[in-house]
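# Architecture at a glance
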Amino acid sequence: MKRLLIIHAGQNETGRAYALAEAARRGACGVAGLELVFKPALLAGVEDLLAADGILMITPEKFGYMAGALKDFFDRTFYPAQGQVEGLPYALIVVAGNDGRGAVTAVERIVRGYPFKPVDAPLVVIGEPTADQLAAAEALGAGMAEGVALGIF
């Protein structure tokens, strides 16, 4: 069975990043042939990454950068995963107070080193997510799940 790892780097389960993560999770749920792993970035580890067939990351923008929790995930998994995750499909959702470019750039720079393979443009949500943006996060989760389950990425 294929496995999709969704990690979220919000500070709590009531924030904007978590709302987008939950929307992505809803989209990914129920896809045949897929195991969904949904974890806070601080609790996800190299074992989760190595077992994944795809990864969807959700982070708030913090001071024009990704959240420290996502950076911590990268710090803990980068070297142990070297040579074992090349081409892993990924997607990114950033919830921003500014424009999100700094967070997107930082994540893209790091994931090139693994190297992961992007499957879609980053979804950047500025401010409070609208119903359309939550639907876009749900669609991204569904697309990632279907693509991973079918092995098309």
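Numbering of residues begins from 1 in every chain and follows the order in which that chain's sequence is written. Selection of residues for local features in this predicted model requires a pLDDT of at least 70, selection of side-chain atom pairs for listing and counting requires 80 or more, and totals for whole chains, interfaces and linings are taken over all residues. The basis for every side-chain value is the complete set of heavy atoms in the structure, and neither hydrogens nor water enter the calculation.

### Considering the UniProt feature "domain: NADPH-dependent FMN reductase-like" (unreviewed entry) in the chain
UniProt positions are given in the numbering used here, feature names are shortened, and annotations may be inferred rather than shown by experiment. If you check UniProt for "domain: NADPH-dependent FMN reductase-like" (unreviewed entry), the listed places come out as residues 38–107 in our numbering. Runs of H or I in DSSP of at least four residues are treated as helices and runs of E of at least two as strands, each being numbered from the N terminus. As a span, residues 38–107 carries 39% helix and 33% strand, and end to end its C-alpha atoms are 19 Å apart.

### Focus on helix α1 (residues 16–28)
For an α-helix the count is 3.6 residues per turn, leaving residues at separations of three or four pointing the same way. Between the first and last C-alpha of α1 there are 19 Å, a value that for 13 residues agrees with the 18 Å anticipated at 1.5 Å per step. Turning to α1, its buried residues are Ala17, Tyr18, Leu20, Ala21, Glu22, Ala23, Ala24, Gly27 and Ala28. What makes two residues a contact is simply this: any of their non-hydrogen atoms within 4.5 Å. Elements that come into contact with the buried residues of α1 comprise β1 (2–8), β2 (34–40), β3 (54–62), β5 (88–96), β7 (123–126) and α5 (131–150). Within two residues after α1, glycine 30 carries a phi angle of roughly 80 degrees, on the positive side. What a helix should span is 1.5 Å times the count of its residues minus one. For the exposure calls, accessible area comes from a 1.4 Å probe over protein chains only, and a residue counts as buried if that area is under 20% of its type's maximum, exposed if over 50%, partly exposed in between.

### Observations concerning the environment of tyrosine 114
Along the polypeptide, tyrosine 114 turns up in the loop between α4 (101–113) and β6 (116–118). Overall, tyrosine 114 belongs to the buried group, its relative accessible area being 2%. For the pair tyrosine 114 and tyrosine 65, spaced 49 residues apart in the sequence, the C-alpha separation amounts to 19 Å.

### Quick word on the side chain of aspartate 48
Take aspartate 48: it is sitting in helix α2 (residues 46–51). Looking at aspartate 48, the relative accessible area reads 14%, which means it is buried. A polar contact of 3.0 Å, which involves the side chain of aspartate 48, links it to the side chain of lysine 39. Separated by 2.9 Å, the side chain of aspartate 48 and the backbone nitrogen of glycine 45 make a polar contact. Pairs of N or O atoms within 3.5 Å make up the polar contacts considered here, provided that, within protein, one atom can donate a hydrogen while the other can accept it, and that residues adjacent in sequence are counted only when both atoms are side-chain atoms.

### Points about the packing of α1 against α5
Here an axis means a line fitted to C-alpha atoms, over the contact stretch when the element is a helix, while the angle between two N-to-C directions is reported on a 0 to 180 degree scale. Packing of α1 against α5 brings their axes to within 6 Å, and their N-to-C directions diverge by 45 degrees. Relative to α5, the element α1 is oriented oblique. In terms of crossing hand, the pair formed by α1 and α5 is right-handed. In contact with Ala19, Leu20, Ala23, Ala24, Arg26, Gly27 and Ala28 of α1, α5 contributes Gln133, Leu134, Ala137, Glu138, Gly141, Ala142 and Ala145. Polar here means any residue outside two lists: the nonpolar Ala, Val, Leu, Ile, Met, Phe, Trp, Tyr, Cys and Pro, and the charged Asp, Glu, Lys and Arg; Gly therefore counts as polar. Taken together, the residues that form the contact of α1 with α5 break down as nine nonpolar, three polar and two charged. For this classification, under 35 degrees means roughly parallel, over 145 means roughly antiparallel, 65 to 115 means roughly perpendicular, and everything else is oblique. A crossing counts as left-handed when the near helix is turned anticlockwise from the far one by less than a right angle, and as right-handed when that turn is clockwise.

### Some thoughts on the pairing of β2
Two strands pair when backbone bridges link them, and β1 and β2 are joined in this way by seven bridges, in the parallel orientation. Along β2, the bridge assignment pairs leucine 4 with leucine 36. Whether a crossover is right-handed depends on one test, that the path from the first strand over the helix to the second runs clockwise when the strands point away from the viewer. With respect to chirality, the unit in which β1 leads through α1 into the neighbouring parallel β2 is right-handed. DSSP-based pairing: two strands are paired if at least 2 bridges between them are found.

### Quick notes on the pairing of β1
Within β1, five of the seven residues are buried, leaving the element largely enclosed by the surrounding structure. With five bridges connecting them, β1 and β3 associate as parallel partners. Opposite leucine 5, over in β3, you have isoleucine 55 as the bridge partner.

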